[in-house]
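So the chains spell out like this:
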Amino acid sequence: MVFDSIGNRGHEQVSYFTDTETGLRAIVAIHDTTLGPSLGGTRILDYDSEADALEDVLRLSHAMTYKAAAADLPLGGGKAVILGDPDEVRTEATLEAYGRAVDRLGGRYITSVDINSSAAEMDVVARDTDHVVGASDGLENPSGVTAHGVFCGIRACVDHVYGVDDLEGLDVVVQGLGKVGQSLAEELLEAGAAVTVSDVDREATEAFAAEHGANAIEPDAVYEQPCDVFAPCAVGGILNDETIPTLECEIVAGAANNVLAERRHAEALRERGILYAPDYVINAGGLVTVAKDHFGGTYEEAYAEAEAIEGRLRGMIERADEEGTTVLEAAEAYAKERIAGADGEAQSVPRP
């Protein structure tokens, strides 16, 4: 099963790690290192089965390759999962064992934060490996950079659809008021947009709306809310056969990962005349920040570099129009061409 799964997505390496003393069970998937070392977070989850854990780490590491390539970063795609109940396996001893496991990969994989792992966990992992970013001695939380990149991406979409270069007076619905969603909503309001917010935490929604002069709606009303831009910044998989027909927007552009329930839903949005900005393109600000953390740089530099998302996304939108395809396919083509070009350059170097 493992070899079949790896072969289907073209992974370079998948490593299983165990530690009898701590009970560590971890899988690290390295998808592609053509552009540079693989980077991706460590997810700590109590999966229903080992097969589910493997599928998750393979899918996520594959996506990280495209995310890094589409962001013009010298990084490849990787991901890791630690199996087990986070409350039980997130111990210092287990995390130290995991750090030793990452270190044995010799820098081919760089780990960072993900679901159930934060700067606190990365601090422990860093005791045994230098191949880690997102620890407390690194750059600031990347949420602000991620939100700014999404804001710039929305600007590219608005220019394409409405032919305007600012967001003054546009109606935007922001779904999810986590750190990224809040930062995005605030930046949109500062730009003169009319913002409607929604979150499962109704108290947080009402408090934000009252403080910032935004509108607030119930979570189950976001899809049918008339707007110019729908910005999903919460969970993934929310654009599906049930929700897409109810959308009342011209643009979908937000920070949430894996917002499409299935790949075919990119075409479903296009058929409805809705411009969809691929999530891994528009939300790459976080990856830009951890790349700065790894290679050296400042938070301010990461914030400025996130603005390049606007130009890259414009090019992908134009390419999709020219080729009569989805922006998702144009983004994938862009990433593949970067990887193929780098691979060609590597192959042209004389071998010793």
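Values in this document were obtained by computation on a predicted structure and should not be read as measured data.

Asker: Please clarify how the sheet that holds strand S9 (residues 229–232) should be interpreted in this entry.
Answerer: Each strand in a sheet pairs with its neighbour through backbone hydrogen bonds, running either in the same direction (parallel) or in the opposite one (antiparallel). The six strands lie next to each other as S8-S7-S6-S9-S10-S11, forming an open sheet whose pairing is parallel. One side of each edge strand has no neighbouring strand; the edge strands of this open sheet are strand S8 (215–216) and strand S11 (275–276). Strand direction decides the pairing type here: S9 and strand S10 (residues 251–252), joined by two bridges, are parallel. If you follow Phe230 over to S10, its bridge partner there is Val252.

Asker: For this particular structure, what's the right way to read the pairing of strand S3 (residues 38–45)?
Answerer: Consecutive side chains of a regular strand alternate in pointing toward one face of the sheet and then the other. Counting buried residues along S3, seven of its eight residues qualify, which places the element largely inside the surrounding structure. The parallel pair S3 and strand S4 (residues 76–83), bridged by helix H2 (residues 50–70), forms a crossover whose chirality is right-handed. Pairing geometry for S3 and strand S5 (residues 109–112), over four bridges, is parallel. Looking across to S5, one finds that Gly40 is bridged to Thr111.

Asker: I'm lost on the layout of surface pockets in this one. Help?
Answerer: In this approach, a probe sized like a water molecule rolls over the atoms, and the result shows the empty space that is left. Looking at the second largest pocket, its volume works out to about 230 Å³. Surrounding the second largest pocket, 17 residues form its lining, Arg270, Ile274, Leu275, Asp321 and Val327 being those nearest its centre. Taken together, the elements giving at least two residues each to the lining of the second largest pocket come down to helix H6 (143–162), helix H9 (265–271), S11 and helix H13 (308–323). Class assignment of the residues belonging to the lining of the second largest pocket gives a composition of nine nonpolar, five polar and three charged.

Asker: Quick question: what am I supposed to make of the side chain of Asn283 here?
Answerer: Turning to its location among the elements, Asn283 is positioned in the loop between helix H10 (279–282) and helix H11 (285–295). A distance of 3.0 Å separates a polar atom in the side chain of Asn283 from the backbone oxygen of Ala255. Other than its neighbours up to four places away in sequence, Asn283 contacts Lys67, Thr146, Val150, Ala255, Ala256 and Asn257.

Asker: Sorry if this is basic, but what is going on with the packing of H6 against helix H7 (residues 179–190) here?
Answerer: A pair of packed helices is captured by two measures, namely the crossing angle of their axes and the spacing between those axes. Put simply, H6 and H7 touch, their axes get as near as 8 Å, and they point 50° apart. Our classification of the angle between H6 and H7 gives oblique. Read as a crossing pair, H6 and H7 show a hand that is right-handed. Packed against H6, whose contacting residues are Ser143, Gly144, Thr146, Ala147, His148, Val150, Phe151 and Ile154, the element H7 presents Lys179, Val180, Ser183, Leu184, Glu187 and Leu188 at the interface. Of the residues belonging to the contact of H6 with H7, the class tally is seven nonpolar, five polar and two charged.

Asker: I keep staring at the nonpolar core and nothing clicks. Help me out?
Answerer: Looking at soluble globular proteins, one finds that nonpolar side chains tend to be buried together. Ile154, Leu188, Phe230 and Leu239 are the most contacted members of the largest nonpolar core, which totals 66 residues. Examining the composition of this core, we find that eight residues originate from one element, H6, more than from any other. Residues Val89, Tyr98, Ala101 and Val132 belong to the second largest nonpolar core, which totals 21 residues.

Asker: Explain H6 here, please?
Answerer: Count 3.6 residues to each turn of an α-helix, and residues three or four apart come out pointing the same way. Relative to the 28 Å expected for 20 residues at 1.5 Å per residue, H6 spans 28 Å between its end C-alpha atoms, a close match to the ideal helical length. Most of H6 is tucked away: 15 of the 20 residues are buried. Looking one or two residues past H6, Gly163 carries a phi angle of roughly 70°, positive in sign.

Asker: Would you mind going over the packing of aromatic side chains with me for this structure?
Answerer: Here the distance between the centres and the angle between the planes together describe a pair of aromatic rings. All chains considered together, the criterion is met by one aromatic pair. On the basis of an interplanar angle of 70° and a centroid distance of 5.8 Å, the ring pair of Tyr223 and Phe230 is categorised as edge-to-face. The exposure class of Tyr223 is buried, given its relative accessible area of 15%. Judged by relative accessible area, Phe230 falls into the buried class, the value being 1%.

Asker: Can you help me understand the side chain of Gln175 in this one?
Answerer: Mapped onto the elements, Gln175 comes out in strand S6 (residues 171–175). At 3.1 Å, the side chain of Gln175 and the side chain of Tyr223 are in polar contact. Beyond its immediate sequence surroundings of up to four residues, Gln175 is in contact with Ser198, Val222, Tyr223, Phe230, Ala231, Pro232, Cys233, Ala234 and Ile238.

Asker: Teacher, can you tell me more about the sheet that holds strand S1 (residues 13–19) here?
Answerer: One open sheet holds the five strands; their spatial order is S1-S2-S4-S3-S5, and the pairing between them is mixed. Taken across any chain shown, the strands that pair with only one partner, and hence form the sheet edges, are S1 and S5. With direction set aside, neighbouring strand axes in the sheet form an average angle of 25°.

Asker: Where do I start with the state of the cysteines in this structure?
Answerer: By definition, a disulfide links the sulfur atoms of two cysteine residues through a covalent bond. Taken as a whole and judged by the stated rule, the model has zero disulfides. In this structure Cys152 is not part of a disulfide, and its nearest cysteine sulfur, from Cys157, lies 11 Å away. Cys152 gets classed as buried once you look at its relative accessible area, which sits at 0%. Summary of cysteine pairing: Cys157 is not part of a disulfide, and the nearest cysteine sulfur, belonging to Cys249, is at 11 Å. Overall, the relative accessible area of 0% leaves Cys157 in the buried class.

Definitions and cut-offs
- Residues numbered from 1 in each chain as written.
- Predicted model: local features only at pLDDT ≥ 70, side-chain atom pairs only at ≥ 80, totals over all residues.
- Heavy atoms only, no water.
- Pairing = 2+ DSSP bridges.
- Helix = DSSP H or I, 4+ residues; strand = E, 2+ residues; numbered from the N terminus.
- Buried < 20%, exposed > 50% of the residue type's maximum accessible area, 1.4 Å probe, protein only.
- Right-handed = clockwise from strand over helix to strand, strands pointing away.
- 1 Å grid on protein atoms, 1.4 Å probe; cavity = no way out; pocket = protein on both sides within 12 Å on 5 of 7 lines; lining within 4 Å.
- Points joined across faces, edges and corners; volume = space filled by probe spheres on them.
- Nonpolar A, V, L, I, M, F, W, Y, C, P; charged D, E, K, R; others polar.
- Polar contact = N/O pair within 3.5 Å; in protein donor to acceptor, adjacent residues only side chain to side chain.
- Contact = heavy atoms within 4.5 Å.
- Axes fitted to C-alpha atoms, helices over the stretch in contact; angles between N-to-C directions.
- Parallel < 35°, antiparallel > 145°, perpendicular 65-115°, else oblique.
- Left-handed = near helix turned anticlockwise from the far one by under 90°.
- Core = buried A, V, L, I, M, F, W, Y, C linked by side-chain atoms within 4.5 Å.
- Expected span 1.5 Å × (residues − 1).
- Phe/Tyr/Trp six-rings, centres within 6.5 Å; stacked < 30°, edge-to-face > 60°.
- Disulfide = S-S within 2.5 Å.

Bear in mind that shape data such as this cannot, by itself, settle questions of function.
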